[in-house]
Amino acid sequence: EIIECMIDLIHRRNFEMPQISQEHKSILDEVGVPLGTTLNRPGRKQLDQTDEPLGLRLRDMIGKGVPLQSLTIHDPRDTYYNPMKTHWVARFEAVGIIGKMCSRGDQRAVTAIMGTVNDEHGGVRAKSVYVLSLLANMGDMEVVSRIVDRIDDDDASVRKEVINALRIVGRKNDEKSVLDIASYMDSSRDEVRTTAIHCLHSVVRPGFLTAIVEVCARFEAPSHSLKVNALAALPLIARKGDQVAIVEVVNRLQHPLPHIRSIALQALNLVANKGDRFALAAVGNLMEHPDYEVRRAAAQGVQLLCHPGDLSAIQVVVMRLKIDTDADCV
């Protein structure tokens, strides 16, 4: 009954206020009802910044049997007050109470909270995402999709909760989730791109092909900041020595644009260990590329990867030195 009351409170906006009994009126006075009820009487208590937390009052009223669906809450600091609309603080507390009283997998509660993920107030949205992480079943793709939609939320607290929630309920290495999250890496807002990177880290295990391909594709983005974000994401989704990541990065060493080759060299340093034979072989193959600038990038890659005195690397470089007339490439 209490849960139904909370669900009613967070979703109802315009409704006829029921009459409150004299008994409940006295309880409201005793509890210090926050801000407003249907009682348009003088002298009703107002919420002050120094008063006890509103959540305690709500719980007290529940315990004493006050019909919360009859309450509307008004903050006197608001410039506009609609007496027929619940205040965001009431919705915030109601969402929290649902999170505490329901158990994971309670579909009634999950469905209700999915609606408040899009609430007009950031505090309610953040609380809703957090409560979904408590109540939704692991891998519930409908919930995951609703959470992913909030990656570009204007409120930083919401974006933080999105990262944590996906870590808990997200399905690992789900291709659709990865593609949906990766699309936010193209945002014009740096905070959204950063959130997307951390969300990717939350839902993939290192080495997942789709995630690596999506991140490396951003090395070719027109915006420098997107390239920087992609560089930051790469170590989170690929361990050093990951051959898929090495191949994707080495492919960018052949790009005709010098700034993309430069980014690829930085990425190579992130995904390959010194002395990595697979990486050295992949880069060494580019020493035969017809484009001089690509050969030059390959020589720099060899320099990054080889240990001093590495004879196989020296052989590759010396062979190229004999062919190229311009020794600067080595």
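Scoring rules and cut-offs
- Once a new chain begins, its residue numbering starts again from 1 and follows that chain's sequence as written.
- Owing to the predicted nature of the model, reporting of local features is limited to residues with pLDDT of at least 70; listing and counting of side-chain atom pairs is limited to 80 or more, with chain, interface and lining totals taken over all residues.
- Based on all heavy atoms of the structure, the side-chain values leave hydrogens and waters out of the count.
- Whenever a helix is involved, its axis is fitted only over the stretch in contact; in every case the axis is a line through C-alpha atoms, and angles between N-to-C directions fall within 0 to 180 degrees.
- Every helix listed is a DSSP run of H or I at least four residues long, and every strand listed is a run of E at least two residues long, numbered separately from the N terminus.
- By the definition adopted for this analysis, an angle is roughly parallel if under 35 degrees, roughly antiparallel if over 145, roughly perpendicular if from 65 to 115, and oblique otherwise.
- It only takes one pair of heavy atoms within 4.5 Å for two residues to be counted as in contact.
- Three residue categories are used. Nonpolar comprises Ala, Val, Leu, Ile, Met, Phe, Trp, Tyr, Cys and Pro, charged comprises Asp, Glu, Lys and Arg, and polar comprises the others, including Gly.
- Only protein chains enter the calculation, and the probe is 1.4 Å; a residue is then buried if its accessible area is under 20% of its type maximum, exposed if over 50%, and partly exposed in between.
- Helix crossings are classified by the rotation of the near helix relative to the far one: an anticlockwise turn of less than a right angle makes the crossing left-handed, while a clockwise turn makes it right-handed.
- Patches were defined on residues exceeding 30% relative accessible area and lacking a salt bridge, with like-charge contacts within 9 Å and nonpolar side-chain contacts (Val, Leu, Ile, Met, Phe, Trp, Tyr) within 5 Å.
- Surface accessibility in these figures is a Shrake-Rupley result with a 1.4 Å probe; residues are shielded only by whichever protein chains are displayed.
- Any Lys or Arg side-chain nitrogen located within 4 Å of an Asp or Glu carboxyl oxygen qualifies as a salt bridge.
- pLDDT measures the predictor's confidence residue by residue and takes values from 0 up to 100.

Student: Help me get a handle on the packing of helix α4 (residues 88-101) against helix α6 (residues 122-135), residues and values and all.
Tutor: Following both chains from N to C, one finds α4 and α6 inclined at 5 degrees, their axes separated by 9 Å at the closest point. With respect to each other, α4 and α6 are oriented roughly parallel. Residues W88, R91, F92, V95, G96, I98 and G99 of α4 touch α6, and the partners they reach there are G123, V124, K127, S128, V131, L134 and L135. Its residues assigned to classes, the contact of α4 with α6 comprises eight nonpolar, four polar and two charged.

Student: Describe the environment of N273, and please don't skip the residues or the numbers.
Tutor: Within the fold, N273 resides in the loop between α14 (258-271) and α15 (277-285). For N273, a relative accessible area of 36% translates into the label partly exposed. For the pair N273 and R239, spaced 34 residues apart in sequence, the C-alpha to C-alpha distance is 10.0 Å. Setting aside residues up to four positions removed in sequence, N273 forms contacts with K240, G241 and L305.

Student: Describe the environment of A298, with residues and values.
Tutor: As for its position among the elements, A298 is in helix α16 (residues 292-305). Separated by 48 residues in the primary sequence, A298 and V250 place their C-alpha atoms 8.7 Å from one another. When neighbours within four sequence positions are excluded, A298 is seen to be in contact with V283, L286 and M287.

Student: An account of the packing of helix α11 (residues 209-217) against helix α13 (residues 243-252) is requested, with residue identities and associated values reported.
Tutor: The geometry of α11 relative to α13 is characterised by a closest axis approach of 10 Å and an angle of 20 degrees between their N-to-C directions. As far as their axial angle goes, α13 and α11 are roughly parallel. As for the relative orientation of α11 and α13, their crossing is right-handed in sense. Of the residues in α13, those in contact with L209, I212, V213, C216 and A217 of α11 are V244, A245, E248, V249 and R252. Residues belonging to the contact of α11 with α13 are distributed by class as follows: eight nonpolar, no polar and two charged.

Student: Tell me about a nonpolar patch on the surface, residues and numbers included.
Tutor: Taken together, the side chains of L209, V213 and V244 define a hydrophobic patch exposed on the protein surface, amounting to about 210 Å² of accessible area. Note on placement: L209 falls in helix α11. Using a relative accessible area of 48% as the deciding quantity, one classes L209 as partly exposed.

Student: Provide a residue-level description of the pattern of salt bridges, including the pertinent values.
Tutor: Applying the stated rule across the entire model yields 15 salt bridges. Among the ionic pairs, R218 bridges to D186, the shortest N-O distance being 2.9 Å. On the criterion of sequence distance, the pair formed by R218 in the loop between α11 and α12 (224-237) and D186 in the loop between α9 (175-183) and α10 (190-203) is long-range, its members being 32 residues apart. Residue R218 is classed as buried on the basis of its relative accessible area, which comes to 8%. The class for D186 is partly exposed, based on a relative accessible area of 42%. Residue E293 is joined to R261 by a salt bridge in which the shortest nitrogen-to-oxygen separation is 4.0 Å. Placement of the pair is E293 in helix α16 and R261 in helix α14, with a sequence separation of 32 residues. One connected set of salt bridges, linked through shared partners, spans R91, D119 and E120.

Student: Which residues make up unusual backbone geometry, and what values go with them?
Tutor: Apart from glycine, the bulk of residues carry a negative phi angle, and the bulk of peptide bonds sit in the trans form. Positioned with a positive phi, N173 is a non-glycine residue whose angle comes to about 60 degrees. In this structure, N173 sits in the loop between α8 (156-169) and α9.

Student: Account for the confidence of the model for the protein, naming residues and giving values.
Tutor: For the protein, the average pLDDT comes to 78, and 72% of its residues sit at 70 or higher. Confidence, read as mean pLDDT per element, is least for helix α2 (residues 22-31) in the protein (53) and greatest for helix α7 (residues 141-148) (96). In this model, residues 31-56 is a region of pLDDT below 50 whose contacts with residues beyond four sequence positions or in other chains number 54 contacts. Every residue in residues 72-85 scores below 50 in pLDDT, and together they form 35 contacts with partners more than four places removed in sequence or on other chains.

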